[in-house]
Amino acid sequence: MIAFRQPVRYRSCTDSLYGALPPHTVDCPECGCRVDVPQLDRGEAAFCPRCSYKLFRVSNHPFSGPPAYAAASLILMMFAYSMTYIRVDIPGATSILSLPEMVRLMVFQDYGFLAEVMFIPTFGAPILFLSLCLYVYTALIRGKAYPALRLATRVMVRLKQVMMVDVFFISTLVAYIKLSSVSEVTFGPAFYLMFLLSVMLIRTSVSVPQHWVYFQIERLTGNDAVQTASEDKTCCSRCLYFRNRYERPCSVCGADLYRRRPKSLSISSAFLTAAVILYFPANILPIMISSNPAATEVNTILNGITYMWNEGDRLIAAVIFSASILVPMLKIAAMSVLIAAARFALPAGAKKLSHLYRITEAVGRWSMIDIFVIIILMCSFHTNMARVVPGGAAAYFCLVVVLTMLSAYYFDPRLIWDRYASDGILLNETEKYD
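If you're wondering where the values come from, they're calculated on a predicted model, not measured in any experiment. Counting starts from 1 at the beginning of each chain's written sequence and moves along it residue by residue. Selection of residues for local features in this predicted model requires a pLDDT of at least 70, selection of side-chain atom pairs for listing and counting requires 80 or more, and totals for whole chains, interfaces and linings are taken over all residues. Values reported for side chains reflect all heavy atoms of the structure, with hydrogen atoms and water molecules removed beforehand.

(A) Broad picture of the environment of M83. Examined against the element boundaries, M83 turns out to sit in the loop between α2 (65-80) and β5 (86-90). Separated by 110 residues in sequence, M83 and L193 place their C-alpha atoms 9.4 Å apart. By the convention used here, residues are in contact when the closest approach between their heavy atoms is within 4.5 Å. Excluding residues that lie within four positions of it along the chain, M83 makes contacts with S98, P189, A190 and L193. Strands are runs of DSSP state E lasting at least 2 residues, helices are runs of H or I lasting at least 4, and numbering of each runs from the N terminus.

(B) Representation of the side chain of S380. Structurally, the position occupied by S380 is in helix α13 (residues 369-380). In terms of polar contacts, S380 uses its side chain to reach the backbone carbonyl oxygen of I376, at 2.8 Å. Leave out the neighbours within four places in its chain, and S380 touches V88, S95, L97 and L179. Polar contact criterion, stated in full: a pair of N or O atoms within 3.5 Å, where within protein one must be able to donate a hydrogen and the other to accept it, and residues adjacent in sequence count only if both atoms are side-chain atoms.

(C) Seen up close, the domain arrangement of the protein. For the domains described, the bounds stem from an automatic or database domain assignment. Partitioning the protein into domains gives domain 1 (24-58) and domain 2 (261-421). Centre-to-centre, using C-alpha coordinates, domain 1 lies 32 Å away from domain 2. Opposite the nine residues of domain 1 that make contact, domain 2 presents nine residues. Two parts placed together each lose some accessible area under a 1.4 Å probe, and the buried area is that loss summed for both. When the two sides are added together, the surface that domain 1 and domain 2 hide from each other amounts to roughly 740 Å², 50% of it contributed by carbon and sulfur. In terms of surface lost to domain 2, no three residues of domain 1 exceed E30, R50 and C51, which account for 61% of the buried area on that side. In what follows, salt bridge is the name for a side-chain nitrogen of Lys or Arg lying within 4 Å of a carboxyl oxygen of Asp or Glu. At the junction of domain 1 with domain 2, the criterion picks out one salt bridge. A salt bridge links E30 to R358; the nearest nitrogen and oxygen atoms lie 2.8 Å apart. Joining domain 1 to domain 2, the criterion identifies four residue pairs in polar contact (both at pLDDT 80 or more). Per-class residue counts for the side of domain 1 that touches domain 2 are five nonpolar, two polar and two charged. Residue polarity is assigned by list, with Asp, Glu, Lys and Arg as charged and Ala, Val, Leu, Ile, Met, Phe, Trp, Tyr, Cys and Pro as nonpolar; anything else, Gly included, falls into the polar class.

Here you go:
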């Protein structure tokens, strides 16, 4: 089978020699289809002809683009974290908040868990990702095999799913509606830089194709990542290069080597079951407690949505309902359908189920909007005049989001195609790994 190709925008002798990917064979990590990929030059991408999954792409500027974006992102991050993010004025109190100040306030109030929830996806993961990106691409540009280059690349590509700067930015807009109804809110320079940082992080992440990077690392170390596909070899689900099936781990990327993820359905079902159990206290217990000298207000997720709807903030109520109620429910339902399809071959087509899996995997992190809103509110109102503290549901809700993400991560979508291809009888290979 031949992969589809996008038009070449730019070519040069240097790119053909160093930037291009040679013809080789890969197994699609979503449907298991074996694809013969022709040579890919700048601006070209390979797609699976069966499920339309984007296998990999060669960037238009493969060597210079990612480090340039990473450097720009680090500069933006330096300014964004050193300037005022938001100012909140209420009668008798003023809160001038920077992003580090928010983390400090949560630690000071003994909410270290929420401090970590904010710090890791908005600062820790992005700065580590950008630093590793510069490290890896500096090695590739200089043509030197730096220490732990494969490990650095492996950590770098994993961090793409952890970064949530864009989610935090949207959460700030959601919190603004709530804040502006009871206080005067002024956005600082860091807020606008946060938007630019979100865009640059997305651009950096998209421009780092791990398949291409691992090929360049192998070439740099004098090895050839490309091997001929055969029955005694397994295509790595991470780097998409064929290795000896008894190789543990993959010598190219260091990931576990398997034809189908071991115990995929069992592990995915366990995480999903735990998420369903925790989903009930996440919605029943208070998620936010607001207090002032005159009154104390205890809100669950649903109560907060109802209050905003009745107060006329219907757009923001719809956003929070979608992120906090609808998305988790739909993700739980979608994962249940996918697991059932892999076990029993439901009437829906395998290709439609593959698209459902991609959507489910992509939207999960947006459920964190409600938690980020609470963090912004509790940092804005932390005095005796006005105070917001998280309720018990906050921790449960975080765990629901993480567990559903882990359920999608450990689910192997190739099992769906195996099940459908077997005409109602599980393949021996699938049974072995389930």
